[in-house]
Amino acid sequence: MDMKATAKKLGLKERYACMTRGLDWETSYQPMDKVYPFDKFEGIRIHDWDKWEDPFRLTMDAYWKYQGEKEKKLYAVIDAFAQNNGHLNVTDARYLNAVKLFIQAVSPLEYMAHRGFAHVGRQFRGAGARVACQMQAVDELRHAQTQIHTISNYNKYYNGMHSWRDWYENVWYLSVPKSFFDDAITAGPFEYIVAVSFAFEYVLTNLLFVPFMSGAAYNGDMSTVTFGFSAQSDESRHMTLGLEAIKFLLEQDAANVPIVQGWLDKWFWRGYRLLTLVGMMMDYMLPKRVMSWKEAWEIYAEQNGGALFKDLARYGIRLPMGWEQACKEKDHISHQAWGTFYNYTGAAAFHTWIPGQDEMAWLSEKYPDSFDKLYRPRLEHWDAQEKAGNRFYNRTLPMLCTTCTIPMLFTEPDDPTKICYRHSEYKGNQYHFCSDGCKHIFDNEPEKYVQALLPPHQIFKGRNFKPGVDPGAPGFDPLAAVLDFYGVEVGRDNFDFKGSEDQKNFAQWSGKGADPGQSR
């Protein structure tokens with residue numbers, strides 16, 4: 001006999017309200033400003049926390065239910081991939097260098113985002129904002145875990161993935177993602193949520209998780225694409241949270257508008273510079289390509305992001321400073337970044353190569369205004385030098401921009417033949433920048449950026465050598481000592497792909513060609 005319900009079942013909206021609202025209270029023996037010391041110091045004015053709207057009414061019990069279903073599917077694919085030697089089904093082992101860069105540069109950011117949202121959630125006196133940040137912190141931690149689990153299968157067979165966590169803390173090109181999140185996590189709580197949930201997630205994450213993951217599928221890496229699209233369904237929620245947070249700040253008080261605009265200017269530029277690595281991965285590291293960086297930028301930034309800012313214009317928000325320059329640079333950044341890594345691959349933990357003729361033809365088609373004129377001649381010259389036995393590896397480290405920490409590889413916005421160089425003086429010292437955007441960020445907060453961790457500077461200070469190393473010893477090789485400190489296995493993790501252990505093993509195990517770049 002069925003039991004009769006004694007009370008009406010709550011609707012979804014009422015149930016959500018019961019689990020996420022009314023959880024806060026006015027303190028009695030300590031002032032609220034002392035309990036929540038950080039949500040006012042940025043100057044943001046909040047008059048009514050109850051106006052906070054969660055775009056996704058997601059409670060913890062619903063989260064476990066839905067994410068549990070996703071996990072079952074994800075780990076079924078990962079298990080099947082591992083049991084069937086799925087790593088041998090990728091197009092060629094050059095592709096795995098993109099996976100190496102992903103585990104070195106992107107997965108640590110997921111973990112840092114988890115820490116950031118856990119910290120930020122504590123700082124908001126409104127219960128709705130705290131719950132939203134808590135849910136995103138759990139999401140970000142899950143992303144880091146699933147990515148590590150997935151890529152660990154590749155780590156059994158290929159080089160360049162064994163010490164990614166240590167590399168993230170020390171290696172020169174990984175200071176780029178590290179500095180982004182170090183900057184965000186040491187900002188105030190509202191600035192953090194604008195930096196990550198809005199500027200990075202809304203405008204820029206699509207550029208990573210949609211075209212790059214499509215590329216993973218196109219190259220036969222079903223394991224990576226599964227975690228990518230699993231994460232992307234969460235990223236969509238994060239993006240919407242960022243937009244709602246921005247609208248909440250703008251609607252609370254007109255005085256918030258210039259503060260938020262300043263954050264958008266800063267974090268758009270920082271996120272855009274960080275994604276230089278993604279542009280290189282899409283154009284050069286995927287053997288079979290889905291779309292170019294330029295095409296992805298036009299769709300996800302210019303069209304989608306541009307429409308977003310048109311919507312925010314009613315609040316008095318304009319396009320971020322640097323937007324116009326970013327649109328001009330879409331023809332150049334991936335080529336300039338790859339050229340830099342090709343020269344410095346002796347100091348990196350992945351391989352590089354000269355694209356084959358068919359790949360250069362694709363780049364020529366996608367970049368008709370720049371590739372044949374500026375970048376093909378350089379690649380063909382390097383290729384000829386390599387074939388003549390003159391492959392050049394730069395044995396130093398590049399000079400880095402103080403703000404974004406990317407090597408000074410970018411050119412002037414209106415002159416792609418001239419390196420862009422800016423500088424500022426602060427307290428008697430000179431600091432160097434790759435762009436007007438990075439100089440502007442430094443000049444607004446010099447005390448923060450003079451503390452930037454620049455790996456080449458750490459080497460000069462003697463901090464990137466193992467204990468007992470004597471830089472004054474006869475025949476001392478500083479690069480070899482630094483790579484030893486990093487834990488990079490010289491000759492296995494670095495140098496050219498051609499002739500590498502990865503190339504030879506993949507050719508032997510898969511029966512595919514020994515020289516995937518042989519078309520060049």
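Here the residue numbering is sequential within each chain, running from 1 through the sequence in written order. Note on the predicted model: pLDDT of at least 70 is required for a residue's local features to be given, and 80 or more for side-chain atom pairs to be given and counted; whole-chain, interface and lining totals, by contrast, use all residues. Only hydrogens and water are set aside when side-chain values are computed; all heavy atoms of the structure are taken into account.

As a further point, take the overall build of the protein chain. Per the secondary structure count, the protein chain includes 23 helices and four strands. Relative to the compact-globule value of 24 Å for 520 residues, the protein chain shows a C-alpha radius of gyration of 24 Å, a close match. For the protein chain, the spread of C-alpha atoms along the principal axes amounts to about 80 × 70 × 55 Å. Counting only residues that meet the buried cut, the protein chain has 57% of its 520 residues in that class. Contacts are residue-level and defined by heavy atoms, with any inter-residue pair within 4.5 Å sufficient. Once local pairs closer than 6 in sequence are excluded, the contacts in the protein chain between residues at least 24 apart make up 77%. Of the accessible surface of the protein chain, which amounts to about 22,300 Å², a share of 54% is contributed by carbon and sulfur atoms. A run of H or I in DSSP counts as a helix once it spans at least four residues, and a run of E counts as a strand once it spans at least two, with each numbered from the N terminus. C-alpha atoms define the radius of gyration in this analysis, and the globule rule sets the expected value at 2.2 Å times the number of residues to the power 0.38. The classification of residues rests on relative accessible area computed with a 1.4 Å probe and restricted to protein chains. Under 20% of the type maximum is buried, over 50% is exposed, and intermediate values are partly exposed. Computed with the Shrake-Rupley method and a 1.4 Å probe, the accessible areas treat only the protein chains shown as cover for residues.

Bringing the packing of aromatic side chains into the picture now. We describe a pair of aromatic rings using the distance from one ring centre to the other and the angle between the two ring planes. Aromatic rings from Phe, Tyr and Trp, with only the six-membered ring used for Trp, were paired whenever their centres fell within 6.5 Å, and each pair was classed as stacked if the ring planes differed by under 30 degrees, edge-to-face if by over 60, and tilted otherwise. Applying the stated criterion across every chain, the model contains 41 aromatic pairs. Plain terms: the ring middles of Tyr63 and Trp64 are 5.4 Å apart, the flat faces sit at 75 degrees to each other, and that makes the pair edge-to-face. Judged by relative accessible area, Tyr63 falls into the buried class, the value being 2%. With centroids separated by 6.0 Å and ring planes inclined at 65 degrees, the aromatic side chains of Phe309 and Trp323 adopt a geometry described as edge-to-face. Of this pair, Phe309 sits in helix H14 (residues 293-312) while Trp323 is found in helix H15 (residues 323-329), placing the two residues 14 residues apart along the sequence. Owing to a relative accessible area of 5%, Phe309 belongs among the buried residues under this scheme. Residue Trp323 is classed as buried on the basis of its relative accessible area of 9%. Among the aromatic residues, those joined into a cluster by ring pairs are Phe198, Phe268, Trp269, Tyr272, Trp293, Trp297, Phe309 and Trp323. Charge-over-ring placement is defined geometrically: NZ (Lys) or CZ (Arg) within 6 Å of the ring centre, and within 35 degrees of the ring normal. We note Lys288 situated over the ring of Tyr218; from NZ or CZ to the ring centre the distance is 4.5 Å. Between the NZ or CZ atom of Arg391 and the centre of the ring of Tyr342, over which it lies, the distance is 3.6 Å.

Remember that side chains alternate between the two faces of the sheet whenever the strand is regular. Taken together, the two bridges between strand E1 (residues 411-412) and strand E2 (residues 415-419) define a ladder with antiparallel strand orientation. The residue bridging Thr411 from the neighbouring strand is Ile419, located in E2. Strands were regarded as paired on the criterion that DSSP finds at least two bridges between them. Between the antiparallel neighbours E1 and E2 lie two residues.

Across five bridges, strand E3 (residues 422-426) lies against strand E4 (residues 429-433) in antiparallel orientation. Considered in E4, the bridge of His423 is made with His432. Connecting E3 to the antiparallel partner E4 that follows it, the hairpin turn spans two residues, and Lys427 within it adopts a positive phi of roughly 50 degrees.

A side-chain nitrogen of Lys or Arg and a carboxyl oxygen of Asp or Glu constitute a salt bridge if their distance falls within 4 Å. Across all of its chains, the model carries 39 salt bridges by this definition. Salt bridges here are not isolated pairs; linked through shared partners, they connect Asp183, Glu191, Lys266, Arg270, Glu445 and Lys448.

Another point: the environment of Lys330. In this fold, Lys330 is placed in the loop between H15 and helix H16 (333-344). Along the sequence, Lys330 and Glu140 sit 190 residues apart, while their C-alpha atoms lie 29 Å from each other. Apart from the residues within four sequence positions on either side, Lys330 is in contact with Trp293, Lys294, Trp297, Glu298, Glu302 and Tyr367.

Moving on: helix H4 (residues 96-123). Between its first and last C-alpha atoms H4 spans 40 Å; for 28 residues at 1.5 Å apiece the expected length is 40 Å, and the two agree. The sharpest bend along H4 measures roughly 35 degrees and falls at Ile103. Along H4, 23 of the 28 residues are buried, which leaves the element largely enclosed by surrounding structure. Each residue after the first adds 1.5 Å to the expected span of a helix. To get the bend at a given residue, fit one axis to the seven residues ending there, fit another to the seven starting there, and take the angle between those axes.

Interaxial angles span 0 to 180 degrees and are taken between N-to-C directions of axes, which are lines fitted to C-alpha atoms, for helices over the stretch in contact. Relative orientation of the contacting elements helix H3 (residues 60-83) and helix H11 (residues 222-252) amounts to 165 degrees, with a least axis distance of 8 Å. Judged by the angle between their axes, H3 and H11 are roughly antiparallel. For the pair H3 and H11, the sense of crossing is left-handed. Residues Tyr63, Gln67, Lys70, Leu74, Val77, Ile78 and Phe81 of H3 pack against Met222, Ser223, Thr226, Phe227, Ser230, Ser233, Asp234 and Arg237 of H11. Throughout, the ten residues Ala, Val, Leu, Ile, Met, Phe, Trp, Tyr, Cys and Pro are labelled nonpolar, Asp, Glu, Lys and Arg are labelled charged, and all others, Gly among them, are labelled polar. For the contact of H3 with H11, the class distribution of residues is seven nonpolar, five polar and three charged. Here the word oblique covers every angle except those under 35 degrees (roughly parallel), over 145 (roughly antiparallel) and from 65 to 115 (roughly perpendicular). By the definition used in this description, the sense in which the near helix is turned from the far one sets the handedness, with an anticlockwise turn below a right angle giving left-handed and a clockwise turn giving right-handed.

Turning our eyes to something else, we now look at the side chain of Gln336. Looking at the element boundaries, Gln336 is found in helix H16. Polar contacts involving the side chain of Gln336 include one to the side chain of Thr411, which spans 3.0 Å. Other than its neighbours up to four places away in sequence, Gln336 contacts Tyr375, Arg378, Leu409, Phe410, Thr411 and Pro416. Polar contacts, as counted here, are pairs of nitrogen or oxygen atoms within 3.5 Å of one another; within protein the pair requires one atom able to donate a hydrogen and one able to accept it, and residues that are adjacent in sequence qualify only if both atoms are side-chain atoms.

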